[in-house]
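A closer look at the structure
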Amino acid sequence: LETRIGGWEVELATPTGTLARAGASMGALSVSRGAAVACDAGRFVAVGAEPELTSRFRGREVLDAGGGLAIPGLVDSHTHPVFLGTREGEFEQRIGGRSYVEIAAAGGGIRSSLEGVRGSTEHLLLAALLPRLDRFLQLGTTTIEAKTGYGLTVADELKGLDVIAAANQAHAVELVATCLGAHDVPPEFNGRPDDWIEIVCEELWPAAATKAAFADVF
């Protein structure tokens, strides 16, 4: 990675340490000016000052990022990317003071997203997901945890996991699949949530075991 164009240097910013951070410490960064990065076979092999790296390595390809900021790929650890239809109106209600429980009781929330997933094919859901992944990548996110949870039937939750798997093969963003069949009680199980939990435990999770890395409960 060449680091200079028209006199402009690259800044390299990265978190410090190896442990998770919280609160104000999440803003602690190491920032280097005039930096360069050497990559080989998809892996970083060296990071340091431009003169040092250009003397050590002769690049097969040189990317001049002068005037730019180089950062590690961002990881979004909680997404629900498989859906059709959006709920911007609920955001307006939330900032207007309505609680999540009130919105759900009026027909909003998780259940309002069921129809889009249940009534759509894998092909249609995948076609909607891929542009979202383009946007993730444009904003620097290279890995996401991708939760299901908008199907709330065994078949539709598995369909969501298959869409996530297909997107993983088709896109540069890495998706780590989570089965969230216990996202809410489906309307068909109103008044008998234990029956749905039994289906999740006895039917959905065993079927999802080869499709998802994690299971989640909300």
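Right, let's walk through the structure included here. (Residues numbered from 1 in each chain as written. Predicted model: local features only at pLDDT ≥ 70, side-chain atom pairs only at ≥ 80, totals over all residues. Heavy atoms only, no water.)

Here we take up the packing of helix H6 (residues 154–170) against helix H7 (residues 193–208). For the pair H6 and H7, the least separation of the axes is 10 Å and the interaxial angle reads 35°. The handedness of the crossing between H6 and H7 is right-handed. Along the contact surface, H6 presents Val 154, Glu 157, Leu 158 and Leu 161, while H7 presents Trp 196, Ile 199, Glu 203, Leu 204, Ala 207 and Ala 208. When grouped by side-chain class, the residues that make up the contact of H6 with H7 number eight nonpolar, no polar and two charged. (Axes fitted to C-alpha atoms, helices over the stretch in contact; angles between N-to-C directions. Helix = DSSP H or I, 4+ residues; strand = E, 2+ residues; numbered from the N terminus. Left-handed = near helix turned anticlockwise from the far one by under 90°. Contact = heavy atoms within 4.5 Å. Nonpolar A, V, L, I, M, F, W, Y, C, P; charged D, E, K, R; others polar.)

This part covers the environment of Glu 52. Tracing the sequence through the fold places Glu 52 in helix H1 (residues 50–56). Glu 52 sits in the partly exposed class, given a relative accessible area of 39%. Along the backbone, Glu 52 and Ala 35 are 17 residues apart, and their C-alpha atoms lie at a distance of 9.4 Å. (Buried < 20%, exposed > 50% of the residue type's maximum accessible area, 1.4 Å probe, protein only.)

Turning next to the pairing of strand E5 (residues 35–40). The two faces of a sheet get side chains in turn, since along a regular strand they alternate between them. As judged from the six bridges shared by E5 and strand E6 (residues 43–49), these two strands associate in the antiparallel manner. Bridged to Ala 35 within E6 is Ala 49. (Pairing = 2+ DSSP bridges.)

Counting residues in each nonpolar core, the largest one holds 29 residues, and the members touching the most others are Leu 129, Leu 133, Ile 144, Leu 161, Ile 164 and Leu 175. Those elements that place two or more of their residues in this core are helix H4 (114–118), helix H5 (122–138), strand E9 (141–147), H6, strand E10 (174–182) and H7. (Core = buried A, V, L, I, M, F, W, Y, C linked by side-chain atoms within 4.5 Å.)

Below, the discussion takes up unusual backbone geometry. At Ala 41, a position not held by glycine, the phi torsion is positive, near 55°. In this fold, Ala 41 is placed in the loop between E5 and E6. Relative accessible area serves as the criterion here: at 73%, Ala 41 is assigned to the exposed category. In this model, Leu 152 sits at a positive phi of 55°, which is unusual for a non-glycine residue. Checked against the element boundaries, Leu 152 lands in the loop between E9 and H6.

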